[in-house]
Amino acid sequence: MWGDRLRQPLLQRNGKQEPVSWDEALDCVAVRLKQLLAAGKPVGVLGSARATNEENYLAGKFARVGLGTNNLGFSYYSICAPLLAGVEEVCGTPAATLRLNDIASSQVILLIEGDLAETHPRAAGSVLQAVENGAHLITIGCRETQMARVASLHLQTAPGDEYEVIHELSAAVADLGQGRPSVSIRNDAGQQDLEQHFGSLACLQAAEWITRAERAAFLIPPTCGEENRQWKTAAAFTALAAITGHLNRPGSGVLPLLARSNARGACETAVVHNRLPGFERLDDSRSRQRLEDLWGKKLPSAPGWDAEMLLQSVSGLVVVADDPPSVMPIGQKAMTALGRLEFMVVLDAFATPTARIAHALLPISSFAETEGTFTNMEGRVQKLRPATNAPGEARPGWQVLAELCARFDAAASYDSAADVLREIGQAAPQYVGIEQRLAKAGWSGALLEDSAKQKLRIPPAETIAFASLRSAERPHLLALDPAFDWGSDPLVFFSPTLSRDFRSQRKAFPNGFVEIAQEDADELQVRSGRRVRLTSVQGAATVPALVRDDLNHGQLIVPFVFRDHVSNVLGSDSVTAVRIERA
Amino acid sequence: MALAIEKKAVSGWLERLLKLGEVIAPTRTPTGDVLFSNIRSGSDVAWNLPNPLHPPKEFVLPQTDPLVQIKRNGQHHEVEAIHDGRRRFLVNARSCDVKGIAFLTRMHEMEPADASYLRRSNNLTIISLACATPCPSGFCICTDSGPFLSDSYDVQLTDLDKSYLIEVGSAKGEAAVAEAQGLFRKASEDEVSQRKRLEETAKHHFGNETCHFASAMRRISTGRVPDILWEKMSDWCLECGGCNVICPTCYCFSVKDLGRDGVWVRCRLRDSCQYAAFTLEASGHNPRPEKKDRMKRRFFHKVSAQYYTRDGAVGCVGCGRCVQVCLGATHMPAVVAAIRKGSWHE
Amino acid sequence: MNDVFLPDLACLTGLCDETPDTRTFRLRFRDSSKVKDFRFLPGQFIELSVFGYGEAPFCIASSPTRPEALETTVRRTGQLTDALHQLGEGNEVGVRGPFGNGFDVAAAEGKDLLFVAGGIGLPPLRSLIWNVLDERSRFGKVTILYGARTPADLVYKRELDEWGKRSDVEFRVTADSAQPGWSGAVGVVPTLFRKVDLRPKTSLAYVCGPPIMIKIVVQDLVALGFKEEAIISTLERMMQCGIGKCNHCAIGHRYVCRDGPVFSYGQIKELVD
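Residues numbered from 1 in each chain as written. Chains lettered and ligands numbered in written order. Predicted model: local features only at pLDDT ≥ 70, side-chain atom pairs only at ≥ 80, totals over all residues. Heavy atoms only, no water.

An unreviewed UniProt entry annotates chain C as NiFe hydrogenase subunit, putative originating from Candidatus Sulfotelmatobacter kueseliae.

Looking up chain B in an unreviewed UniProt entry gives the name Formate dehydrogenase/hydrogenase, iron-sulfur binding subunit, putative, with the organism given as Candidatus Sulfotelmatobacter kueseliae.

Structure below.
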């Protein structure tokens with residue numbers, strides 16, 4: 001029954017992956033990585049948002065102390081970093097200031113979404129509870145989703161334009177005599193351009209609800225658009241919460257909606273190229289000193305390459321519990337880059353595409369077979385307890401990483417995952433004492449304390465030149481849906497019942513598809529399945545169309561899983577203006 | 001003829017049963033959950049626990065149920081049915097769960113009878129405790145599955161403070177009692193009357209809420225629930241499938257061969273009719289493409305007259321688990337009420 | 001009670017390509033006593049296992065009057081059928097069944113029988129057609145109308161010729177669009193109606209093919225005077241267990257694997273999900 005589970009260490013020999021003993025595999029990994037280091041070749045480590053805190057922490061320790069590098073990252077960070085940076089800009093920390101349980105008792109919820117019911121059903125359930133109790137839900141998004149339909153107010157927004165909406169809401173708040181607008185927008189001609197998307201009444205109503213509420217929830221996922229825009233959007237959103245008094249009030253706050261179980265944990269154990277455990281800044285000398293004392297070694301001071309860069313720049317790579325090509329925006333480019341590595345060692349429970357081309361493959365336990373912790377987006381640290389044995393010779397990931405650390409003079413000795421967690425408590429300030437707190441806690445784990453109240457920084461008034469992406473020549477907006485592609489995640493992919501939907505969609509559309517509004521389809525006279533040509537300044541691509549009745553005229557969306565099919569069109573951005581024609 | 005057993009003698013009875021097979025009861029885990037799990041000694045059963053969130057259907061219809069072992073052997077294959085004939089006693093189950101398992105058994109007895117299921121259910125004896133104080137989210141009185149049962153049980157206990165009244169309802173129940181004959185005595189008339197009074201009191205705990213099943217059943221069975229109502233309700237469903245996992249009468253499944261390299265196990269995998277691809281055909285056509293279609297299907301299967309006639313019972317035992325679990329509050333009582341009123345959240 | 005998920009083993013003893021993507025497989029049970037015991041009705045189906053890929057329902061395309069020639073005709077549409085097409089003579093598959101209600105052959109006695117098939121819809125009817133032809137004297141006039149998108153898409157090409165040559169069968173074939181070398185009729189299947197002597201009052205009509213074709217054919221037959229109970233078709237649904245328990249193929253409280261797959265048009269109209 002263990003069909004797709006990795007059971008034995010494998011080494012690549014003559015183009016095939018052959019089973020070997022653990023000792024042989026670990027020895028080989030140590031030898032090859034040391035060879036690369038001796039030759040001065042760059043190496044890197046990727047942790048994962050689906051690895052435990054213990055695994056990520058040891059991966060980071062292995063990189064910094066064992067390999068002496070900050071070439072350290074995790075695939076999902078490419079997606080969520082700008083969101084977290086924006087929140088951090090205002091609050092001083094990217095941590096959530098709102099708990100999931102607070103949502104249900106909110107009186108107003110401001111939600112930027114792709115499709116919350118799809119991406120975060122638990123949060124969506126709380127939103128529904130709040131609405132049932134009379135809360136006003138305001139949704140900002142490009143689709144008429146479930147949340148939009150139960151909302152008091154749905155502000156239909158083109159992908160990437162969330163920033164404009166937040167600005168209008170902030171302006172409306174100012175109009176109500178509360179706070180001050182944080183930015184003003186000028187277009188290329190230097191004129192104030194308050195393009196009325198919805199009519200100021202809607203924004204005034206929303207502003208009124210938000211400012212009058214005792215408890216308001218602000219929910220934001222990674223949005224569309226290039227990095228800077230996402231960052232500014234998140235910062236403006238957080239600033240809106242701040243100027244309406246909802247950032248330091250119990251029951252109110254901002255919740256960055258991260259996907260995958262341990263994205264936040266990966267940040268806080270800092271498998272990140274320019275951070276230290278605790279998500280402290282790399283140049284924070286006190287943090288660095290604390291860690292150098294703890295780990296007994298001087299740490300590299302210069303930031304390393306981030307996850308996407310390091311994949312394409314290193315010669316040697318350690319990958320823990322992830323499949324970068326299916327998570328990173330660079331998609332197929334990541335697969336190509338992996339194929340060019342001199343030496344790649346993968347630790348995983350599942351035979352992912354990345355695992356299949358590893359030079360060394362080390363089988364580790366899944367979440368149901370290991371001890372460990374993970375930290376969800378609201379800062380709740382939960383414990384995993386083994387419910388069953390791992391198949392074959394698979395071992396707990398933390399153990400394997402500890403072994404690797406030992407071979408590189410980078411480990412203390414750990415008798416249990418709890419030992420690792422205790423050390424995390426010494427390395428990351430938020431996790432102080434977490435091990436004892438969890439020992440006494442039930443399934444609901446322990447919430448990380450809210451970080452010390454920092455002075456809020458409202459971004460100064462700025463002129464942001466924004467060129468309307470659309471033009472007469474390219475009147476449509478093509479956006480990449482940033483929602484996490486669960487269909488590629490092993491827990492779904494290898495489940496016969498859960499994967500049926502995704503597999504059949506990919507079978508029906510092996511060349512991907514672009515979602516198109518009914519009105520646009522009618523104009524073009526195309527039906528679902530008919531190929532269309534998309535042309536931007538960057539390039540062109542031809543893909544089948546899929547007609548949807550929940551999109552607005554002019555909006556074209558490509559699901560994240562199909563990004564490679566439109567990479568010529570999008571370039572390095574995730575929103576661009578296009579011309580669309582029948583192919 | 002009703003029997004009785006002193007409470008302090010019960011662990012002795014359970015010790016006898018432990019010699020014959022596995023004994024399963026609700027137990028509180030170190031993390032504070034209440035789960036049906038194996039007990040090791042007769043004194044391990046705690047009688048005052050809330051009903052576990054996961055129903056005991058796992059013991060007759062496991063989530064992943066190995067059915068057939070398949071081995072490739074050159075050009076040929078060897079296939080062998082996997083038999084699970086363990087004898088088990090489920091102790092301190094509630095009336096709703098007794099009815100739930102009886103429902104599942106009827107489904108799998110229907111021609112052609114499924115040996116894999118029946119081997120397990122035939123070897124499972126349920127010693128249930130009638131609910132003198134019904135649980136907060138339950139509505140078993142509306143589905144004729146509690147708080148006390150008059151049929152479908154093996155052994156029904158009623159808590160009479162220092163003793164339990166014992167009602168035996170089947171041959172399996174008789175066998176379980178026969179194992180510890182010396183511990184039982186004939187129940188007195190007082191004890192029998194007390195049991196009847198406890199039942200009446202328990203029924204009154206449900207208050208005067210009329211049961212909406214009848215009118216909902218009429219409308220569902222005659223296609224008189226407006227499509228727009230299903231659409232509105234489906235906006236509140238998150239398609240998590242939680243209802244299917246915890247419902248004692250849900251049994252939809254898929255059959256898959258799991259394994260690789262010439263060795264497979266054909267397994268029954270419990271499935272959810274709420275998932276989009278449940279009815280997806282190889283051609284790509286899906287007869288139930290919208291969530292509202294699937295929601296409508298679920299409630300037709302549970303509450304229609306057509307199924308009631310076929311099965312002899314409504315597909316709900318009023319255990320209230322869906323009320324606890326549903327993220328969107330589109331659980332049985334809410335939907336049934338909405339169908340009666342003809343509106344949702346208005 | 002039976003181990004209802006336990007497959008019987010059978011090997012492939014004859015493979016015949018009908019079209020570029022459709023092949024007929026003949027099955028021989030490894031256990032020879034099973035050959036006798038496997039009694040089925042035309043219109044029933046089997047759950048066929050390609051070990052390592054899974055199981056899927058396929059209609060039995062051969063007649064119970066020829067038990068030694070148990071056959072199914074399968075088109076390549078996905079992973080499992082691809083894998084099946086990779087198998088060759090002597091390879092082993094699993095078989096569960098027969099399942100479903102099948103055609104009511106006794107009810108057809110003495111009646112005139114009209115078979116209307118389109119494309120890949122012929123295989124399920126073929127089991128009944130050969131049953132009828134093998135016991136020809138039991139039945140009245142037999143008319144077979146068959147069509148496909150192109151001549152290359154016609155299945156059982158040799159048998160079509162046979163039927164065309166028989167004097168006790170009226171057989172007409174057509175293609176939606178012609179190809180060089182095609183001397184038969186051109187046009188969709190319903191265009192064949194005016195070429196034959198239909199007897200609505202005394203006939204049973206069996207219709208099988210793509211949904212759109214069935215819809216039009218049924219409309220035409222009703223207009224021509226066929227009663228709704230006399231028009232018989234088969235339904236398809238996603239299936240897993242084949243025995244009415246997994247609920248995948250349910251339409252309302254009817255199960256396509258048990259109450260069907262054969263239904264009259266009157267019954268189909270009553271099926272409400």
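What follows picks up the thread again.
1. Here we look at the nonpolar core
Core analysis: the largest hydrophobic core is formed by 231 residues, its most contacted members being A:Tyr76 and A:Leu534. Listed in part, the 33 residues of the second largest apolar core include C:Leu125, C:Leu133, C:Tyr146 and C:Ile232. (Core = buried A, V, L, I, M, F, W, Y, C linked by side-chain atoms within 4.5 Å. Buried < 20%, exposed > 50% of the residue type's maximum accessible area, 1.4 Å probe, protein only.)

2. A word on the UniProt feature "binding site: [2Fe-2S] cluster" (unreviewed entry) in chain C
UniProt records the feature "binding site: [2Fe-2S] cluster" (unreviewed entry) for C:Cys241, C:Cys246, C:Cys249 and C:Cys257 in the present numbering. In sequence the annotated residues extend across 17 residues, while in space they remain close, none of their C-alpha pairs exceeding 10.4 Å. By the secondary structure assignment, C:Cys246 is in the loop between β12 (231-234) and β13 (250-251). Every residue in contact with C:Cys246, bar those within four places of it in the chain, is listed here: B:Cys252, B:Phe253, B:Phe278, C:Gln240 and C:Cys241. With respect to the secondary-structure elements, C:Cys249 resides in the loop between β12 and β13. Since its relative accessible area comes to 3%, C:Cys249 is described here as buried. (UniProt positions renumbered as here; feature names shortened; annotations may be inferred. Helix = DSSP H or I, 4+ residues; strand = E, 2+ residues; numbered from the N terminus. Contact = heavy atoms within 4.5 Å.)

3. Notes on the environment of B:Leu124
All names here are of chain B. In this structure, Leu124 sits in strand β7 (residues 124-129). Residues Leu124 and Val60 lie 64 residues apart in sequence; the distance between their C-alpha atoms is 8.1 Å. Ignoring sequence-local partners within four residues, the contact set of Leu124 consists of Val60, Arg88, Leu90, Ile101, Asp154 and Lys172.

4. Considerations on the domain arrangement of chain B
Residues and elements named next belong to chain B. Domain parsing of chain B yields domain 1 (3-61 + 84-205) and domain 2 (213-252 + 271-341). Using C-alpha coordinates to define each centre, domain 1 is positioned 28 Å away from domain 2. Buried area between domain 1 and domain 2, both sides added, is near 2,000 Å², and the carbon and sulfur share of it is 65%. Of all residues in domain 1, Leu53, Phe103 and Phe139 give up the largest surface area on contact with domain 2, accounting jointly for 30% of the area buried on that side. Our enumeration of links across domain 1 and domain 2 arrives at one salt bridge. (Domains from an automatic or database assignment. Buried area = accessible area lost by both parts, 1.4 Å probe. Salt bridge = Lys/Arg side-chain N within 4 Å of Asp/Glu carboxyl O.)

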